[in-house]
Structure formats: C-alpha cells, structure tokens
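This is what each chain is made of:
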Amino acid sequence: SQQGEEDPQALSIQEGENATMNCSYKTSINNLQWYRQNSGRGLVHLILIRSNEREKHSGRLRVTLDTSKKSSSLLITASRAADTASYFCATDGGTNAGKSTFGDGTTLTVKP
Amino acid sequence: GAGVSQSPSNKVTEKGKDVELRCDPISGHTALYWYRQRLGQGLEFLIYFQGNSAPDKSGLPSDRFSAERTGESVSTLTIQRTQQEDSAVYLCASSPQGLLTEQYFGPGTRLTVT
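These numbers come from a predicted model, not from an experiment.

Caption draft 1: Structural context of the overall build of chain B. A count of helices and strands for chain B gives zero helices and ten strands. In terms of principal-axis extent, the alpha carbons of chain B reach across some 35 × 25 × 25 Å. Across the 114 residues in chain B, those meeting the buried criterion constitute 50%. Look at the contacts in chain B between residues 6 or more apart in sequence, and 55% of them connect residues 24 or more apart. Positive and negative side-chain charges of chain B, numbering 11 and 12 respectively, have mean locations separated by a distance of 5 Å.

Next up, the structure:
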C-alpha cells in the first residue's frame, strides 16, 4: 500500500472557508512534502517539512507534522476557487531518501 | 528558465508495440524521477536517477519497463510490448539534488494503449 495516505478523499467547501487535509504514513521519514495538482498547472510543490520540524507556514498554507503519530496535516486558510485541485503528500521513506512515495490525494473543491 | 519538459504530450499506441517517452530536466538538476499516474490515483514511483550513482529501479513494474539517463540530462523511459494496463500519465520530475529537496514536475505524457 502507499506510504502516504490522504484523508479525506474528497472535500468540498465554500470560498473563504478553511480546508484541512491529513496525511498518514507508515515508515520513518527524513521529510514530508505536499504537492498540488490541477489541470492547468500540473503538479506543483507547495511545502516541505523536515522530520525535526513540527509546523511550517507558507502564505495561506500551514503544515504540521507529528512524527510520533506518523501524520501530517495541510491547512489552507481563506480558501479561493483557484485552490480547487488535488493535494498529495509525499514521503521519502527515511533511509532511501531518493525515492518519494505519494498518496492517492485529497480532491478539494472550493465553490465560489 | 525552462522547466521540465516531456515529449510527446500524448501517445496512442497499439497493444504490443514499444514506446519511448522523453524527459528533459531542468539544467543543473542532478536528480531525475519517473512516476506513473493512473486516472484518479496518486503517483506511483518508477525509477530514480541521482548523478552518477546506480539508479533506483525498485518501482519498475515489470521487465518491460526500462529507463536510461545520459549524464545529468535527458532521460528516456521505454515500455516494451505495451499492454492496456500501461495506459496512464507518465510524469517526470527533477530536483537540484535527490535528498531533502522539492521536485519540479513536467507536464507528463498521456499514454493510451489500444
């Protein structure tokens, strides 16, 4: 099964609301990354959080990492219609740091 | 500067034929990755190149799949004797170094095996 698994599979919210997506993984990691994919821009890197970090911010994005629970969350605040996309977490599997394992993603729909 | 480019953008082939997919990474990026993405699913790791090290081929699904990389530049993914289950989008990504850095993705090649 996938190293990273996102939850929920799908999320639909109104513009202006916050969206929270979760990612769980199975083995130790060096870092965890979040990516966004939409038809217009393909797959784009959003944020990377290292295993010794607990929280990271980038604009309207906030990522948390709990290595004891092997989980991460991505919070998008004040969502916009343009945030509509699929969001994936990717982990590096710890020792085999070159290989990234992606989950199946959360599909976010932001209604205007 | 230019991003990661892939060609062709779309490829339709008959079952049993061989196909070759090309990836041009960002200049100077030492790491290069190939992934496969089936419709509605996440990315499935295929192979990883890092500099002159031996590639990590652990994700290749069968011996029909192979990939090469010329130095730290172009890579080609070859699928021999294509099957319908090979239909997917094949994504290439590069990064400045393999460890602890973000990946920059190309637009992908959509492969359809009829």
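Caption draft 2: Examining the packing of aromatic side chains more closely. Counted under the stated rule, the structure contains eight aromatic pairs over all chains. Taken together, a centroid distance of 5.3 Å and an interplanar angle of 80 degrees make the contact between A:Phe102 and B:Tyr35 edge-to-face. Of the two residues, A:Phe102 is situated in strand β10 (residues 101-102) and B:Tyr35 in strand β4 (residues 31-37); the pairing between them involves two chains. Side by side, A:Phe102 and B:Tyr35 carry an identical accessibility label, which is buried. Where A:Phe102 meets B:Phe105, the ring centres are 6.0 Å apart and the plane angle is 85 degrees; that geometry is what we call edge-to-face. With A:Phe102 in strand β10 and B:Phe105 in strand β9 (residues 104-105), the pair connects residues from two separate chains. Comparing A:Phe102 with B:Phe105 shows no difference in burial state: the two are buried. An aromatic cluster is defined as three or more aromatic residues linked by ring pairs; in this entry it consists of A:Tyr35, A:Phe102, B:Tyr33, B:Tyr35, B:Phe45, B:Tyr48 and B:Phe105.

Caption draft 3: Quick look at the pairing of strand β7 (residues 61-66) of chain A. Residues and elements named next belong to chain A. Sheet topology places strand β6 (residues 55-58) next to β7; four bridges connect them, and they run antiparallel. Residue pairing in the sheet places Glu55 in a bridge with Thr64 of β7. The antiparallel pairing of β6 with β7 creates a hairpin that spans two residues between the two strands, and Gly59 there sits at a positive phi of about 60 degrees. For β7 and strand β8 (residues 71-76), the ladder comprises six bridges, and the chain directions are antiparallel. Looking at β8, one finds that Arg62 is bridged to Leu75.

Caption draft 4: How the structure looks around the environment of B:Ala93. Within the fold, B:Ala93 resides in strand β8 (residues 88-95). Beyond its immediate stretch of four places on either side in the chain, B:Ala93 contacts B:Ala31, B:Leu32, B:Tyr33, B:Tyr35, B:Gln103, B:Tyr104 and B:Phe105.

Caption draft 5: Quick peek at unusual backbone geometry. With an omega of 0 degrees, the peptide bond running from A:Asp7 to A:Pro8 counts as cis. Relative to the helices and strands, A:Pro8 is located in the loop between β1 (4-7) and β2 (10-14). Following B:Ser7, the chain continues into B:Pro8 via a peptide bond in cis, with omega recorded as -10 degrees. Assignment of secondary structure puts B:Pro8 in the loop between β1 (5-7) and β2 (10-13). Here A:Lys70, not a glycine, exhibits a phi torsion of approximately 50 degrees, which is positive. As for its placement among the helices and strands, A:Lys70 is situated in the loop between β7 and β8. Accessibility expressed as a relative area gives 29% for A:Lys70, which makes it partly exposed.

Caption draft 6: Region of the structure containing the interface of chain B and chain A. The partner chain A presents 20 residues to the 18 residues of chain B that form the contact. A buried area of about 1,500 Å², summed over both sides, lies between chain B and chain A, and 53% of it is on carbon and sulfur atoms. On inspection of chain B and its partner chain A, the count reaches zero salt bridges. Counting the contacts that link chain B with chain A gives four residue pairs in polar contact (both at pLDDT 80 or more). Counting only elements with at least two residues in the side of chain B that touches chain A, the list comes to β4 and β5 (43-50) of chain B.

Caption draft 7: Structural context of the state of the cysteines. All names here are of chain A. Counted under the stated rule, the structure contains two disulfides over all chains. Shown here is the disulfide that connects Cys23 with Cys89, its sulfur atoms set 2.0 Å apart. On the sign convention where negative means left-handed, the S-S torsion of about 65 degrees between Cys23 and Cys89 marks this disulfide as right-handed. A residue pair is termed long-range when its members are at least 10 positions apart, and Cys23 in strand β3 (residues 19-25) and Cys89 in strand β9 (residues 85-91) qualify at 66 residues.

Definitions and cut-offs
Residues numbered from 1 in each chain as written. Chains lettered and ligands numbered in written order. Predicted model: local features only at pLDDT ≥ 70, side-chain atom pairs only at ≥ 80, totals over all residues. Heavy atoms only, no water. Helix = DSSP H or I, 4+ residues; strand = E, 2+ residues; numbered from the N terminus. Buried < 20%, exposed > 50% of the residue type's maximum accessible area, 1.4 Å probe, protein only. Contact = heavy atoms within 4.5 Å. Lys, Arg positive; Asp, Glu negative; His and termini not counted. Charge placed at Lys NZ, Arg CZ, Asp CG, Glu CD. Phe/Tyr/Trp six-rings, centres within 6.5 Å; stacked < 30°, edge-to-face > 60°. Pairing = 2+ DSSP bridges. Buried area = accessible area lost by both parts, 1.4 Å probe. Salt bridge = Lys/Arg side-chain N within 4 Å of Asp/Glu carboxyl O. Polar contact = N/O pair within 3.5 Å; in protein donor to acceptor, adjacent residues only side chain to side chain. Disulfide = S-S within 2.5 Å.

Spatial relationships are all this shows, so hold off on functional conclusions.
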